[in-house]
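# Fold and contact review
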Amino acid sequence: MKRISVILVSLLLCVAAFAQTTITTPSKDLRLQLRDVQLKGSDVEITVLLTNLSQSEALINLVGGIYQTGMGGSVAYDNDGNVYELQSVQVSVANKNLTDQYSATNFPAGVPVKCHILVKDVAKEATALAKIKLCVLCPQIDIKNIGACFELNNIKFK
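Bear in mind the structure is a predicted one, so any value in this text is a computation, not a measurement.

Our next topic: the nonpolar core. Of all hydrophobic cores here, the largest spans 32 residues; its most connected members are Ile46, Leu50, Leu62, Leu129, Leu134, Phe150 and Leu152. Of all the secondary structure elements, the ones that give two or more residues to this core are strand S2 (30-40), strand S3 (43-52), strand S4 (58-63), strand S7 (89-93), strand S9 (112-119), strand S10 (128-138) and strand S11 (143-156).

Counting across every chain of the model gives 1 disulfide. The residue that forms a disulfide with Cys135 is Cys149, at a sulfur-sulfur distance of 2.4 Å. A torsion of 55° about the S-S bond marks the disulfide between Cys135 and Cys149 as right-handed. Remark: Cys149 occurs in strand S11 and Cys135 occurs in strand S10; sequence separation between them is 14 residues. With a relative accessible area of 5%, Cys135 lands in the buried category. A relative accessible area of 25% means that Cys149 is categorised as partly exposed.

Conventions used here
Residue positions are given per chain, counted from 1 along the sequence in the order it is written. Note on the predicted model: pLDDT of at least 70 is required for a residue's local features to be given, and 80 or more for side-chain atom pairs to be given and counted; whole-chain, interface and lining totals, by contrast, use all residues. Side-chain metrics rest on all non-hydrogen atoms present in the structure, leaving aside hydrogens and water. In plain words, nonpolar cores are sets of buried Ala, Val, Leu, Ile, Met, Phe, Trp, Tyr and Cys residues tied together by side-chain atoms within 4.5 Å. Buried residues are those whose accessible area, probed at 1.4 Å on protein chains only, stays under 20% of the maximum for their type, while exposed residues exceed 50% and partly exposed ones sit between those limits. Segments assigned H or I by DSSP are reported as helices when at least four residues long, segments assigned E as strands when at least two residues long, and all are numbered from the N terminus. When two cysteine sulfur atoms lie within 2.5 Å, the pair is treated as a disulfide.

Next comes the structure, spelled out in structure tokens:
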């Protein structure tokens, strides 16, 4: 009986570990931290802290859902199989307005800056965003016109 209890507890801990949000970064010079997730009507607003880990200030662009200059924009996938891109994914850096195009500011080295991702009109059946690809541009730290994306996985909102 004791062995079965140990196995069940271990299995439960493994499931909990896999269900947590994970973030991958496109550059060793950038760090993204999840700060908050809010359901606002049918929209999901995600607040993150983005930190420039390079040695000097850098102009960093978050890219919304719009495709421009041959690169794809940010995109989100929910756990119900829906894809959100183009005008459905908006971004903002600092206290700038949300946009489906580009939002940028100069990020001082080592200082976290609050940013927002808004996924609009999320299906009411969805309870989580399985993956968000948040695209960025920053020539100063070698993220050029093709961009690169942070990946946020398993963002629960219900």
